[in-house]
Amino acid sequence: TCFGVFNASEGHNTVQNSITSPWFSTAFGLIGLCSNLFALCVLLSSSRKLSSRARSSFLIFLCGLVVTDFMGLLVTASVIIPYHFFKFAWAKVDPGCHLCNFLGFSMVFFGQCPLLLGATMAGERFFGINHPFSRSTSISKRRAWSIVGLVWGFSCLLGLLPVLGLGRYTLQYPGSWCFITLLPDTGNVIFCLLFALLGIFSVLLSFIFNTVSVVTLCRVYHDRESVQRRRDSEVEMMVQLVGIMVIATICWMPLLIFIVQTVLQQLPANGQIQMLPLETQKLLLIYIRMVTWNQILDPWVYILFRRAVLQRVYPSLRPRPSIFSLYPVLKPSLRRKL
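No experiment lies behind these values; they were computed from the predicted model shown. Residue numbers run consecutively from 1 along every chain, following the written order of its sequence. Side-chain atom pairs in this predicted model are given and counted only at pLDDT of 80 or more, local residue features only at pLDDT of at least 70, and totals for whole chains, interfaces and linings cover all residues. As a rule here, side-chain values cover all heavy atoms of the structure and leave hydrogens and water aside.

### So, the UniProt feature "transmembrane region" (unreviewed entry) in the protein
Then comes step 1: UniProt positions are given in the numbering used here, feature names are shortened, and annotations may be inferred rather than shown by experiment. Summarizing the sequence annotation, UniProt attributes the feature "transmembrane region" (unreviewed entry) to residues 23–46, 58–83, 103–123, 144–167, 187–220, 241–264 and 284–305 in the numbering used throughout.
Then comes step 2: Between the end C-alpha atoms of residues 103–123 there is a gap of 30 Å, over a span that is 100% helix and 0% strand.
Then comes step 3: Each helix corresponds to a stretch of at least 4 residues labelled H or I by DSSP, and each strand to a stretch of at least 2 residues labelled E; elements are numbered beginning at the N terminus. Along residues 144–167 one finds 88% helix and 0% strand; the C-alpha atoms at either end are 33 Å apart.

Structure (C-alpha cells):
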C-alpha cells in the first residue's frame, strides 16, 4: 500500500503549525504558474523573429523546459492545495492508492525532465560552439521537438517503474503529497538510486558541457568583428544555460544526495525498517520545498537574461553597426556588390 511510511495522526496534528498552509501553497503555486506563462509568451514572441537555426533550436528546448515546469506546478498543485484547504483523510479518499501513484509519478516525471533537458541543452550548445561548421550540429525545429519528446518519454517511463513493480510511491509527511519510498527493500533501493544517480549524472554532465563551452567562448570572443553578432547570440544562450544549471544544482543536489545517503545508510537493516524516522521525513519535506523553487526560478532566467536586458547591464553586447547602416543611401546594386 501507499500508507504507513509515517505516522499519519502525528503529521495531521503538526501540519497546522507548518509552513504548508493553504494560503502559502496557493500563493507559491500562482507565482510559479504566472512566471512560467510570462516566460512562455516571451519565448513565443522571440521565436517568431529569429532566422538562426541554432538560436531557434535553443528556444525550442527552453520552451519545452518552461512547459514542463508549468505543467508540473499545475498538476501537483491541483492535488496538494485542496488537501491543505480540506484536510481530507487520504486513506478514505484514495483507498486504492491511484491518486497517490499519480502524484508520485508526477513528482518524478516533472522533476527528472528539467534535469535531463538541462543536460540536453548543454550538450547541444557544446557541439554547436565547438563544432560550428559540422552539419550534424545544425538541429532543425522538428528534430529539436523530437528530442524534447524523447526526454519526456524517457522521464515518463522512469516514473512508471513503481507502478510496474519496481519500488513504490507512498504518502509522505505531513500527508499532503506522495513520492518515492526511502525504505530499505530491494525494489525501493534500486528505484531510489536510479532516480537520484540519474539526476546527479545530468547535473554533472551539464556542468562539464557548460564549462567547456564557456572556456571556448572566452577564447574566441575577441576574434574578428564580422562574427560579432553571432558571438553575442552565443553569449546570451550560454548565460541563460549557466543560470539554469546553477539553479538546478542549488535546488536539486541536496535532495538527490540526501536520497542516496538515506538509502545506503539503511541497507544493513535488511528491510526491517517499516517507518521512516520523523527527522528523515522532515528533511525530505525541506529538500522537496527547495526543489519546487527550481520550477519558479527557471522562467526568470530567460526573462532576465535576454540580450535586451543584458545590453543595459553590459553595453558592449550591442551589435556593431554594418557598412550598410553607416551608408544608407547606397544603391541596392552597390550594396549587393559590397
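Having seen it, we continue.
### Observations regarding the state of the cysteines
The bond known as a disulfide is covalent and runs between the sulfur atoms of two cysteines.
Then comes step 1: Any pair of cysteine sulfurs within 2.5 Å is marked as a disulfide. Applying the stated criterion to the full structure yields one disulfide.
Then comes step 2: The side chain of Cys 100 participates in a disulfide bridge whose partner is Cys 178; the two sulfur atoms lie 2.0 Å from each other. Measuring handedness by torsion sign, the sulfur bridge of Cys 100 and Cys 178 sits at about -120° and is left-handed. You can see Cys 100 sitting in helix 5 (residues 98–130) and its partner Cys 178 sitting in strand 2 (residues 177–180), a full 78 residues away along the chain.
Then comes step 3: There is no disulfide at Cys 156, and the cysteine sulfur nearest it, in Cys 113, is 8.7 Å away.
Then comes step 4: To sort residues, take the accessible area from a 1.4 Å probe on protein chains only and compare it with the maximum for the residue type: under 20% means buried, over 50% means exposed, and anything in between is partly exposed. Look at Cys 156 and you get partly exposed, because its relative accessible area is 28%.

### What about the nonpolar core?
Then comes step 1: Nine residue types can take part in a nonpolar core, namely buried Ala, Val, Leu, Ile, Met, Phe, Trp, Tyr and Cys, and a core is a set of them joined through side-chain atoms within 4.5 Å. Counting residues in hydrophobic clusters, the biggest one holds 80 residues, and the most contacted among them are Leu 62, Trp 177, Phe 179, Ile 180, Phe 195 and Ile 259.
Then comes step 2: With sequence-adjacent residues up to four places away left out, Phe 195 is seen in contact with Val 108, Gln 112, Leu 158, Phe 179, Ile 180, Trp 252, Leu 256 and Ile 259. Throughout, a residue-residue contact means that at least one pair of heavy atoms, one from each residue, lies within 4.5 Å.

### Let's talk about a nonpolar patch on the surface
Then comes step 1: Two distance rules govern patches: like charges are joined within 9 Å, and nonpolar side chains (Val, Leu, Ile, Met, Phe, Trp, Tyr) within 5 Å, applied only to residues with over 30% relative accessible area and no salt bridge. Residue exposure ignores everything except the shown protein chains as possible cover, and the areas themselves are Shrake-Rupley values with a 1.4 Å probe. Salt bridge, as used here, is a side-chain nitrogen of Lys or Arg placed within 4 Å of a carboxyl oxygen of Asp or Glu. On the surface, a nonpolar cluster with roughly 410 Å² of combined accessible area is contributed by Phe 38, Val 239, Trp 300, Leu 304 and Phe 305.
Then comes step 2: Its place among the elements puts Phe 305 in the loop between helix 9 (278–304) and helix 10 (307–313).
Then comes step 3: Judged by relative accessible area, which is 31%, Phe 305 ranks as partly exposed.

### Re the environment of Ile 81
Then comes step 1: Along the chain, the position of Ile 81 falls in helix 3 (residues 53–86).
Then comes step 2: Since its relative accessible area comes to 15%, Ile 81 is described here as buried.
Then comes step 3: For the pair Ile 81 and Pro 22, spaced 59 residues apart in sequence, the C-alpha to C-alpha distance is 6.1 Å.
Then comes step 4: Discounting chain neighbours no more than four positions away, the residues touching Ile 81 are Ser 25 and Thr 26.

### Describing the packing of helix 5 against helix 7 (residues 186–220)
Then comes step 1: Relative orientation of the contacting elements helix 5 and helix 7 amounts to 25°, with a least axis distance of 8 Å. By the angle between their directions, the pair helix 5 and helix 7 is classed as roughly parallel. As helix 5 packs across helix 7, the resulting crossing turns out to be left-handed.
Then comes step 2: Side-chain classes follow a simple rule in which Ala, Val, Leu, Ile, Met, Phe, Trp, Tyr, Cys and Pro form the nonpolar group, Asp, Glu, Lys and Arg form the charged group, and the remainder, Gly included, forms the polar group. The class makeup of the residues in the contact of helix 5 with helix 7 is 15 nonpolar, ten polar and one charged. Each axis is a line fitted through C-alpha atoms, taken for helices only over the stretch in contact, and angles between the N-to-C directions span 0 to 180 degrees. In what follows, roughly perpendicular refers to angles from 65 to 115 degrees, roughly parallel to angles under 35, roughly antiparallel to angles over 145, and oblique to any angle outside these ranges. Left-handed describes a crossing whose near helix is turned anticlockwise from the far helix by less than a right angle; the clockwise case is right-handed.

### Quick look at the pairing of strand 2
Then comes step 1: Sheet topology places strand 1 (residues 169–172) next to strand 2; four bridges connect them, and they run antiparallel. Within strand 2, the residue paired with Leu 171 across the bridge is Cys 178. DSSP bridges decide pairing: two strands pair if at least two such bridges lie between them.

### Some remarks on the environment of Phe 88
Then comes step 1: With respect to the helices, strands and loops of the structure, Phe 88 is situated in the loop between helix 3 and helix 4 (90–93).
Then comes step 2: When the C-alpha atoms of Phe 88 and Ser 176 are compared, they prove to be 9.3 Å apart, with 88 residues separating the residues in sequence.
Then comes step 3: With sequence-adjacent residues up to four places away left out, Phe 88 is seen in contact with Pro 82, Tyr 83 and Val 93.

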